[in-house]
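# Reading the structure
The primary structure of each chain is shown beneath.
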Amino acid sequence: MKSQLDQLRTHSAVVADTGDIEAIARFMPMDATTNPSLLLKAAALPAYAPHLAASAAAASGDDPVGDACDRLAVAIGSEIVKLIPGRVSTEVDARLSFDTEATVARAHRLVRLYADAGIGSDRLLIKIAATWEGIRAAERLEREGIHCNLTLLFSFAQAVACAEAGVYLVSPFVGRILDWHLANGMAPPAAPQDDPGVRSVTRIWQYYKQHGYDTVVMGASFRNTGQVLALAGCDRLTISPDLLAELERSNAPVARALDEEGGRVAPPAALDEAGFRARHDEDTMAREKLEEGIRKFAADQQQLEALLAAQLG
């Protein structure tokens, strides 16, 4: 019998949600995703100690600590690219999430640093928070041929705006949605299909297929394998090493969970900024989790900067 992980691969592309090169080498995902929290964990691994020192030593400019952080992110991403056939996602500083111009500039810098390391933009996804400003930055980058991964996606309004902007890929979160609902009095779902995070991703995937959007849907932020398997058939699923290992240990059957329903229809009128903000603001969960996610990534970015500042002396 094939493992659940191998069966899942027949329905969805498997992506590793980690910066741990040993885990990536073991599970052989198509792509890998990183974020400030994962980079902070990766920076503590012995395998990356030389990169930490080298990034600090090469730092320059008016903001040497920020420069060192970008260099470390690219160094870790460069190691990951050696182990996967597809793309690595590297995140723009979350503190720029409400600044379109600064997000575009930082994305250009990351692409240049990867180019200096011999890695072309065809192996990258620039990861940006799905704020209105972030979506506009991604729209510009996509027109330049720089593909983007829009993250911290919790509301349907975010998903619609990302598709309309022509972004390459979105990462709608599952586990953090469930976390919010449980914290606000919801009983644990009786089945994975009843999980509010699973339902959110399913709705987005169905909407994209119904309206013919090319944007890739990659379910993210899983708390258990039940959530993962309830989205079998989603374009991509980014999964932590612990859950990948759990899927690898089981031989229970895995059935495709997502299928297109109905024929293709034209999309409705595009969301403008006022419409986006109104619809996103109506979703209390999405508003709170987006703000919380940006704060958490910013805090982890600051911890990463402190590590590099210590290296700089």
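Note that the structure is a prediction, hence the values are computed from the model and not measured. (Residues numbered from 1 in each chain as written. Predicted model: local features only at pLDDT ≥ 70, side-chain atom pairs only at ≥ 80, totals over all residues. Heavy atoms only, no water.)

## Let's talk about the sheet that holds strand 8 (residues 236-239)
So the rule is basically this: At least two DSSP bridges between two strands are needed for those strands to be called paired. Helix and strand definitions here come from DSSP, where helices need a minimum of 4 consecutive H or I residues and strands a minimum of 2 consecutive E residues; each element is numbered from the N-terminal end. Helix axes are fitted to C-alpha atoms over the stretch in contact, other axes to C-alpha atoms as well, and angles between N-to-C directions run from 0 to 180 degrees. By the convention used here, residues are in contact when the closest approach between their heavy atoms is within 4.5 Å.
Spatial strand order, 1-2-3-4-5-6-7-8: eight strands in a closed barrel with parallel pairing. Adjacent strand axes in the sheet meet at a mean angle of 30 degrees when their direction is disregarded. Note: strand 3 (residues 88-91) against strand 4 (residues 124-129), four bridges, orientation parallel. Residue threonine 90 lies in a different strand from strand 4, and its bridge partner there is isoleucine 126. This element, helix 8 (residues 156-164), spans strand 5 (148-153) and strand 6 (169-172) of the sheet and lies at about 170 degrees to strand 5.

## Focus on empty space enclosed by the protein
Selection rule: Cavities and pockets are defined on a 1 Å grid built over the protein atoms alone: a cavity is a set of grid points where a 1.4 Å probe fits but cannot escape, while a pocket is an open set with protein on both sides within 12 Å along at least five of seven lines, and lining residues are those with an atom within 4 Å of any such point. Grid points are joined across faces, edges and corners, and a volume is the space filled by probe spheres set on the points. Three residue categories are used. Nonpolar comprises Ala, Val, Leu, Ile, Met, Phe, Trp, Tyr, Cys and Pro, charged comprises Asp, Glu, Lys and Arg, and polar comprises the others, including Gly.
Counted by the stated rule, this structure contains three cavities of 30 Å³ or more. Estimates place the volume of the largest cavity at around 90 Å³. Around the largest cavity, the lining residues are Asn35, Pro36, Leu39, Cys69, Asp70, Ala73, Glu91, Val92, Asp93, Arg106, Gln301 and Leu304. Contributions of two or more residues to the lining of the largest cavity are made by helix 3 (36-43), helix 5 (64-81) and helix 14 (284-312). With three residues, helix 5 is the largest single contributor of residues to the lining of the largest cavity. Residue classes in the lining of the largest cavity are distributed as six nonpolar, two polar and four charged. Here the second largest cavity is characterised by a volume of approximately 50 Å³. Taken together, Glu91, Val92, Asp93, Ala94, Leu96, Ser97, Thr103, Lys127, Ile128 and Ala129 make up the lining of the second largest cavity. With three residues, strand 4 is the single largest residue contributor to the lining of the second largest cavity. Taken together, the residues of the lining of the second largest cavity sort by class into five nonpolar, two polar and three charged.

## Some words on the pattern of salt bridges
Short version of the rule: The term salt bridge refers to a side-chain nitrogen of Lys or Arg lying within 4 Å of a carboxyl oxygen of Asp or Glu. Each residue is placed in one exposure class: buried if its accessible area under a 1.4 Å probe, protein chains only, is under 20% of its type's maximum, exposed if it is over 50%, and partly exposed if it falls in between.
In the structure shown here, the tally under the stated rule is 21 salt bridges. For arginine 26, the salt bridge is made with glutamate 248, and the minimal N-O distance between the two is 2.7 Å. Here the residue arginine 26 occupies a position in helix 2 (residues 21-27), and glutamate 248 occupies one in helix 12 (residues 241-249), the gap between them amounting to 222 residues. The exposure class assigned to arginine 26 is partly exposed, which follows from its relative accessible area of 47%. The salt bridge involving aspartate 259 is made with arginine 256; its shortest N-O contact spans 3.0 Å. Among the residues examined, aspartate 259 registers a relative accessible area of 43% and is labelled partly exposed. Overlapping salt bridges, with partners in common, bring together Asp67, Asp70, Arg71, Arg106 and Arg109 in one network.

## Details of the packing of helix 3 against helix 14
Counted only if it meets this: Roughly parallel refers to an angle under 35 degrees, roughly antiparallel to one over 145, roughly perpendicular to one between 65 and 115, and oblique to any angle outside these ranges. By convention, the crossing between two helices is left-handed when the near helix turns anticlockwise from the far helix through less than a right angle, and right-handed when the turn is clockwise.
Packing of helix 3 against helix 14 brings their axes to within 8 Å, and their N-to-C directions diverge by 30 degrees. Judged on the interaxial angle alone, helix 14 and helix 3 are roughly parallel. Along this stretch, helix 3 crosses helix 14, giving a crossing that reads as left-handed. Of the residues in helix 14, those touching helix 3 at Pro36, Ser37, Leu39, Leu40 and Ala43 are Lys296, Phe297, Asp300, Gln301, Gln303, Leu304 and Leu307. Partitioned by chemical class, the residues of the contact of helix 3 with helix 14 number seven nonpolar, three polar and two charged.

## Considering the side chain of glutamate 133
Operational definition: A 3.5 Å cut-off defines polar contacts: any pair of N or O atoms within that distance qualifies, except that in protein one atom must be a possible hydrogen donor and the other a possible acceptor, and neighbouring residues in sequence count only when both atoms are side-chain atoms.
Here glutamate 133 lies in helix 7 (residues 132-143). The buried category is assigned to glutamate 133, whose relative accessible area is 16%. One polar contact links glutamate 133 to arginine 277, side chain to side chain, over a distance of 2.8 Å. When sequence neighbours within four positions are dropped, the list of residues in contact with glutamate 133 reads Ser97, Phe98, Asp99, Thr100 and Arg277.

## Some points on the packing of helix 5 against helix 6 (residues 100-116)
Two elements in contact, helix 5 and helix 6, have axes separated by 10 Å at closest approach and are oriented at 50 degrees. Considered as vectors, helix 5 and helix 6 are oriented oblique to each other. Crossing of helix 5 over helix 6 shows right-handed handedness. For the pair formed by helix 5 and helix 6, the contact residues are Asp67, Asp70, Arg71, Ala73, Val74, Gly77 and Ser78 on the first element and Arg106, Arg109, Leu110, Leu113 and Tyr114 on the second. Of the residues assigned to the contact of helix 5 with helix 6, the class counts are five nonpolar, two polar and five charged.

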